[in-house]
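Coordinate inspection notes
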Amino acid sequence: LDVSTNQCSGSNDQSPMQLHQINHDCSEFHQIRAKGGDWRNLTKEGEIAFSILPSHLRIDIHSTNPKAPRADSPGGFVELYAHHVELTVPSLHMLGNRKYDAEYSIYHVQGHKNRILIVSVLVDASVNVYNHEFQKVLGAFQDVTECGEAGRRLLVLQDDDRDLDDLSEENNEFVYQHPINEEEERMLAEETKIDGKFNLYNTDMIPSLYWYAYGGSLPRPPCSKIANWRVVDTPMQISHFQLLQLKHLLLGREGACSGHPGHGTIRTRPMFVPDGRPVWRCTRANYKSDCERFGRLCPAPDFP
């Protein structure tokens, strides 16, 4: 996979985007068929690494054995292993005119075609619904005490403030600040870990089989134009307290990256316009769930 050249200058084919103008028909004919993998054993075997970085949380999956999570997506993305997961605050993309509280993105690398499939879900805390599966993810990051990479795989995206200056032209960024007060930190001292089976593609994490799609770039330097985005059309729901935990991991005064220059501020890219490239949305009118079509393998999207 070639990510050696910095392609951040300019705006053509860049990500993220504000998803509201559809100019292309959906040609996909089935849902993303996901296999959650044996998360517990992969963790015990050291195949899962959790990292807290200045701008996001990251989970690296160091395995391509049958126990690893993977997905089969239409568009030529046949059974790709999950390479890593990123959690960003706030969301990268917008649906309509709304920017959401966070975004959960699963990266799948197709090296021989030099492209990446990114299945991404916006995260909404305004509904204040506790998400049991999401809590497993938050709990795992509570054991991370150092800022930086913990066994990151070869797809390297730059992450410090100096590299973020290369994203695009002056003022072409979104600055996010969320100071956490002492009362909130006391709330966060309580036990919030949950052990048990976990599936990256669980319906609590990816609540819809339908998505917006477009070709774009990686969201940080080197901004390689090799990303195929599938942004799920229904946000994941979490509670206010879970959003607080997520912000604390990234921005807390005693967080892993509290000593990093610029801590307390997250800088993300602006919204890019479609610039004539195809943007499409797939709905139930384009394909039914495998559960509906075959009368088995329910509930979707688990596909053995």
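Preceding this section is the structure that the text describes.
Residues numbered from 1 in each chain as written. Predicted model: local features only at pLDDT ≥ 70, side-chain atom pairs only at ≥ 80, totals over all residues. Heavy atoms only, no water.

Once that is clear, we can look at the overall build of the chain. Looking only at helices and strands, the chain has 6 helices and 16 strands in total. Contacts in the chain between residues far apart in sequence, at least 24 positions, make up 78% of those at least 6 positions apart. As displayed, the chain offers around 13,300 Å² of accessible surface, 47% of which is attributable to carbon and sulfur atoms. (Helix = DSSP H or I, 4+ residues; strand = E, 2+ residues; numbered from the N terminus. Contact = heavy atoms within 4.5 Å. Areas by Shrake-Rupley, 256 points an atom, 1.4 Å probe, with all protein chains shown as cover.)

The element helix H2 (residues 132-141) is extensively covered by neighbouring structure, given that 8 of its 10 residues are classed as buried. Taken together, the buried positions of H2 are occupied by Glu133, Phe134, Gln135, Lys136, Val137, Leu138, Gly139 and Phe141. If you follow the buried residues of H2, they end up packed against strand E3 (48-52), strand E4 (56-61), strand E6 (77-88), strand E14 (236-237) and helix H5 (240-251). Among the residues of H2, the N-terminal cap falls to asparagine 131, whose side-chain oxygen and the backbone nitrogen of glutamate 133 are separated by 3.1 Å. (Buried < 20%, exposed > 50% of the residue type's maximum accessible area, 1.4 Å probe, protein only. Polar contact = N/O pair within 3.5 Å; in protein donor to acceptor, adjacent residues only side chain to side chain.)

For the structure shown, the criterion picks out 3 disulfides. There is a disulfide in this structure between cysteine 26 and cysteine 282, and the S-S distance comes to 2.0 Å. Looking down the S-S bond of the cysteine 26 and cysteine 282 bridge, the torsion is 95°, so its handedness is right-handed. Of this pair, cysteine 26 sits in the loop between strand E1 (18-19) and strand E2 (33-35) while cysteine 282 sits in strand E16 (residues 279-282), and the two are 256 residues apart along the sequence. Side by side, cysteine 26 and cysteine 282 carry an identical accessibility label, which is buried. (Disulfide = S-S within 2.5 Å.)

Within the secondary structure layout, glycine 96 lies in the loop between strand E7 (94-95) and strand E8 (98-99). When its relative accessible area of 26% is taken as the criterion, glycine 96 is described as partly exposed. It is 4.9 Å that separates the C-alpha atoms of glycine 96 and histidine 20, two residues lying 76 residues apart in sequence. Each residue touching glycine 96, except ones within four places of it in the same chain, is listed here: Gln18, Leu19 and His20.

Right, let's talk about the nonpolar core for a bit. Grouped together as the largest cluster of nonpolar side chains are 55 residues, with contacts concentrated most on Tyr104, Phe141, Leu200 and Leu246. Residue contacts for leucine 246: discarding those within four places in its chain leaves Leu57, Leu87, Val89, Ala102, Phe134 and Leu138. Core analysis: the next-biggest nonpolar cluster, separate from the first, contains 18 residues, Met17, Leu92, Leu95 and Val231 among them. (Core = buried A, V, L, I, M, F, W, Y, C linked by side-chain atoms within 4.5 Å.)

Let's shift gears to unusual backbone geometry. With an omega of -10°, the peptide bond between valine 89 and proline 90 qualifies as cis. Relative to the elements of secondary structure, proline 90 occurs in the loop between E6 and E7. Across the junction of proline 221 and proline 222, the peptide omega takes the value 15°, indicating a cis bond. One can find proline 222 in the loop between strand E12 (211-216) and strand E13 (227-232). Despite not being glycine, glutamate 79 has its phi angle at roughly 45°, a positive value. A positive phi is found at asparagine 128, a non-glycine position, where the angle reads about 55°. One can find asparagine 128 in the loop between strand E10 (115-124) and H2.

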